[in-house]
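Examination of the molecular architecture
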Amino acid sequence: MRAERDDAAQAGTVVTPSAEFPPLGDEERAALGRIGERWRGPRRADDLPVDPTLGRHDHHPAPTRFGRLAPIDMFTVAQPGELVATGAADLPGNRAGRSVARVRRTLIGPPLSSASVLYERMRKLVALPVLSSDLLSSVAYGPEAMLAVLVLAGSAALGLALPLAAVLVVLMVAVGLSYRQTIPAYPHGAGSYIVAGDNLGRTPGLAAAAGLMLDYVLTVSVSVAAGVHAVTSALPGLDRWAVPLGVLVIAVLLAGNLRGVRTAGNIFVLPTYAFVVVLLVVLAVGYAKAASRGFAPLPPPSAPAAEGLGLLLVLRAFSSGAVSMTGIEAVSNAVPAFRPTEWRNARTTLGWMVAMLVTLFAGLVGLIHLDGLAPRADETLLSQLGRVTFPSGPGYAILQATTALILLLAANTAFNDFPRLLFFMARDGHAPRRFLHMGDRLAFSNGLVALALTAAVVFVAFGGHTERLIPLYAVGVFLAFTLSQTGMVVHWRRRRGPGWRRRLAVNAVGATLSGLVLLTAAVAKFAEGAWVVVLAVPLLVLLFRRIHRHYDRLHRALALHSPPSAPPAECDELPQQVRHLVVVPVARLNRASLRALAYATSLGRPTLAVHIAPAQDEADRFRDQWRAWGDHLKLETIVSPYRSVIGPLAHYLEALHAASPDLTLTVIVPEVVLRRRRYRLLHSRAEQRLRTALRALPGVVVTSVPVHVT
């Protein structure tokens, strides 16, 4: 599996629509050739009654006398034997489906060709705000989360914010340098899942993936909750609408990201840059005012001590402030989303992100200390800082507007990385394969929808309160940090290239500091809700391993060689090996059943008709009708005195299968197709019930012969 990943990386980005269709291995290709040598069947294409390439339709469509609109070609001929579907081929055939398709295209745009995947990349100026929105927005609630714990010991404990912030800055720089080294070492995407899995083993890799998935879900929930809180701080009348507003924001983010990476990036560029500029102005004005009084800190408001100042409280405050680092791994996860040279552009972007984070975080903590501010339940710290810095004029309103925007859009980082993580996991068989699929706009639509739904559920369950979600936040992300950096230590020890000792030391420092924060957050916040993440990670790892076990079993069963446990009727690989018995259930003799009987007989295989009668009189009457028809096929009548149809028929077919396990039973069911869906409730849909009942039987094929009623 690792070799396949390296091959994909050497060929270019591993994020490609073709990932849904992995190539055959050498052993399977050899088995395929051996099977083909024994295959006997029609070989000549010109023997077919139709032109399979539609090559005759190489003209341009034109209006006819029956209509002014020209018909649309659904396919074009690329080369002999190959067709290319046009965009019109994706449109549904019915009116309701076309209406839904038009609404969908209005919301997310027209579909993009697979060849456009190379153009759906981000340049550095776009990638910086898109991937840093989570990281930079966390300075809006990270310092407040730290101070909210310190103030529990009284206003005097707020002075510890400066040394704790200094330690956090060291941690930010160390982890940032570690990920800068990880990016060139894994230029195809250096997510914690890949790094930990390659160097530490499957289980640590899955644990890192579980931590990241929880982090991404909480990123959306916490960012939206903080953004809504910023709005309600400025407009208290909207407080009762906080939860519906948050759900609406998640829906808007989903719609924006479904439009594609490049389009979503262009949408989120301006708010991020505006937030950074406004914060820099706040810091400049605030420190200028502090300089005018000689940088003398103002006393904070008096607050009674609810807890004693001890080591546990300090550790809780430190781990709460560490949430300001969430999102620092986003660039390493999204290396393939950059324009070439991908790893170099990604590393430059990460360097700018860490520099901006350190500047804003340290500057805000220092300014809050100088202005003597303390957390309040009815107003955020950033809002208080804005009122002090801009007592008049539009400055405060601009700060709150940009803060609300960046917090609401910070979840976009998770919308970029969560589907990509699921893509890598699905490629390795640890997540459902539907997450490999790219949608109309070359975005991982299934992953985006899964993230939006999960985050919305978490947001609603916690009532949109940031303080309830923060304790869940740090454990998952620092678990991923620790495993990723530990994996890089093993990576450098194995490779031992030029300068490997220096690189190993940098990653070892990052791993050590991240591990300390992980233990601190898990212990200090265990009772506050961190136990949920501590319990969820091993459960998710178990789920991922079960999914992989299922796909591994499925691959062995479908490989190009008959597994020893396969039923005899499902070991046939050659046409001449298949022995058929065609069974046609007949409820009554009408046009639908006669068409099914005619179709079955045309196959040239032994055919048996089966009729289920509720009483002996009905069985005799049907046999008379059968003889009147001509008794062309063998008929088996089954009397069902309890009036059940599907059960006796399924058991009869099961008995036929048990008598000849090497026989392939083809059950042909007549099906009435109605033009109007509203009439379907008037019919029993027996063919679907029969298909469900027979699904577990090996060597049984159920097909239907439709008869359309117009």
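Residues numbered from 1 in each chain as written. Predicted model: local features only at pLDDT ≥ 70, side-chain atom pairs only at ≥ 80, totals over all residues. Heavy atoms only, no water.

1. Observations concerning the overall build of the protein
- The secondary structure content of the protein amounts to 25 helices and seven strands.
- Split into buried and exposed, the 710 residues of the protein put 47% on the buried side.
- Of the contacts made within the protein by residues no fewer than 6 positions apart, 78% connect residues no fewer than 24 positions apart.
- Working note: accessible area of the protein is about 35,100 Å², and carbon and sulfur atoms make up 62% of it. (Helix = DSSP H or I, 4+ residues; strand = E, 2+ residues; numbered from the N terminus. Buried < 20%, exposed > 50% of the residue type's maximum accessible area, 1.4 Å probe, protein only. Contact = heavy atoms within 4.5 Å. Areas by Shrake-Rupley, 256 points an atom, 1.4 Å probe, with all protein chains shown as cover.)

2. Let's talk about the sheet that holds strand β6 (residues 664–674)
- The five strands lie next to each other as β5-β4-β3-β6-β7, forming an open sheet whose pairing is parallel. Whereas interior strands pair on both sides, the edge strands pair on one side only; in this sheet they are β5 (634–639) and β7 (700–709). Strand-to-strand, the axes of this sheet are offset by a mean angle of 25°, without reference to chain direction.
- Across the sheet, helix α23 (residues 616–629) touches β4 (607–613) and β5, and the angle it forms with β5 is around 165°.
- Lying on the sheet, helix α24 (residues 646–659) is in contact with β3 (580–585), β4, β5, β6 and β7; it crosses β4 at an angle near 145°. (Pairing = 2+ DSSP bridges. Axes fitted to C-alpha atoms, helices over the stretch in contact; angles between N-to-C directions.)

3. Here's the deal with the nonpolar core
- Counting 146 residues, the largest nonpolar core has Leu 150, Val 220, Phe 415, Met 425 and Phe 478 as the members making the most contacts within it.
- Top element by residues in this core is helix α8 (residues 202–234). It accounts for 17 residues.
- In contact with Phe 415, other than residues within four places in its own chain, are Val 220, Ile 250, Leu 253, Leu 254, Asn 257, Leu 448, Leu 451 and Ala 452. (Core = buried A, V, L, I, M, F, W, Y, C linked by side-chain atoms within 4.5 Å.)

4. Regarding the packing of aromatic side chains
- Taken as a whole and assessed by the stated rule, the structure comprises seven aromatic pairs.
- Where Tyr 179 meets Phe 481, the ring centres are 5.8 Å apart and the plane angle is 70°; that geometry is what we call edge-to-face. With Tyr 179 in helix α6 (residues 161–185) and Phe 481 in helix α19 (residues 473–495), this pair connects stretches of sequence that are 302 residues apart.
- Phe 481 gets classed as buried once you look at its relative accessible area, which sits at 0%.
- Ring geometry for Phe 478 against Phe 481: centres 5.1 Å apart, planes inclined by 80°, an arrangement best described as edge-to-face. Here Phe 478 and its partner Phe 481 are both found in helix α19, three residues apart, which amounts to about one turn of the helix.
- A residue is classified by how much of its surface remains accessible, and Phe 478, at 0% relative accessible area, is buried.
- An aromatic cluster is built from Tyr 179, Phe 478 and Phe 481, whose rings are joined through pairwise contacts.
- Looking at Arg 503, its charged tip hangs above the ring of Trp 492, at a distance of 5.5 Å from the centre. (Phe/Tyr/Trp six-rings, centres within 6.5 Å; stacked < 30°, edge-to-face > 60°. Lys NZ or Arg CZ within 6 Å of the ring centre and 35° of its normal.)

5. A look at the packing of helix α9 (residues 242–258) against helix α17 (residues 445–461)
- One way to put it is that α9 packs onto α17 with a least axis distance of 10 Å and a crossing angle of 170°. Taken as axis vectors, α9 and α17 run roughly antiparallel relative to one another. On the side of α9, the interface is formed by Ala 242, Val 243, Gly 246, Val 247, Ile 250, Leu 254, Asn 257 and Leu 258, while α17 contributes Ser 445, Leu 448, Val 449, Ala 452, Ala 455, Ala 456, Phe 459 and Val 460.
- Class assignment for the residues of the contact of α9 with α17 results in 13 nonpolar, three polar and no charged. (Parallel < 35°, antiparallel > 145°, perpendicular 65-115°, else oblique. Nonpolar A, V, L, I, M, F, W, Y, C, P; charged D, E, K, R; others polar.)

6. Here we look at unusual backbone geometry
- The phi dihedral of Phe 295 falls on the positive side, at around 55°, and the residue is not glycine.
- Checked against the element boundaries, Phe 295 lands in the loop between α10 (261–292) and α11 (311–321).
- For Phe 295, a relative accessible area of 48% corresponds to the partly exposed category.
- Positive phi values are uncommon outside glycine, yet Arg 496 reaches one of about 50°.
- Among the structural elements, Arg 496 can be located in the loop between α19 and α20 (500–524).
- For Arg 496, a relative accessible area of 47% gives the class partly exposed.

7. Examining the side chain of Glu 329
- Checked against the element boundaries, Glu 329 lands in the loop between α11 and α12 (330–333).
- Within the buried core, Glu 329 has no salt-bridge partner, and the shortest N-O distance to an opposite charge, that of Arg 420, equals 12 Å.
- Those residues in contact with Glu 329 that lie beyond four places of it in its chain are Tyr 179, Leu 212, Asp 215, Tyr 216, Val 477 and Phe 481. (Lys, Arg positive; Asp, Glu negative; His and termini not counted. Salt bridge = Lys/Arg side-chain N within 4 Å of Asp/Glu carboxyl O.)

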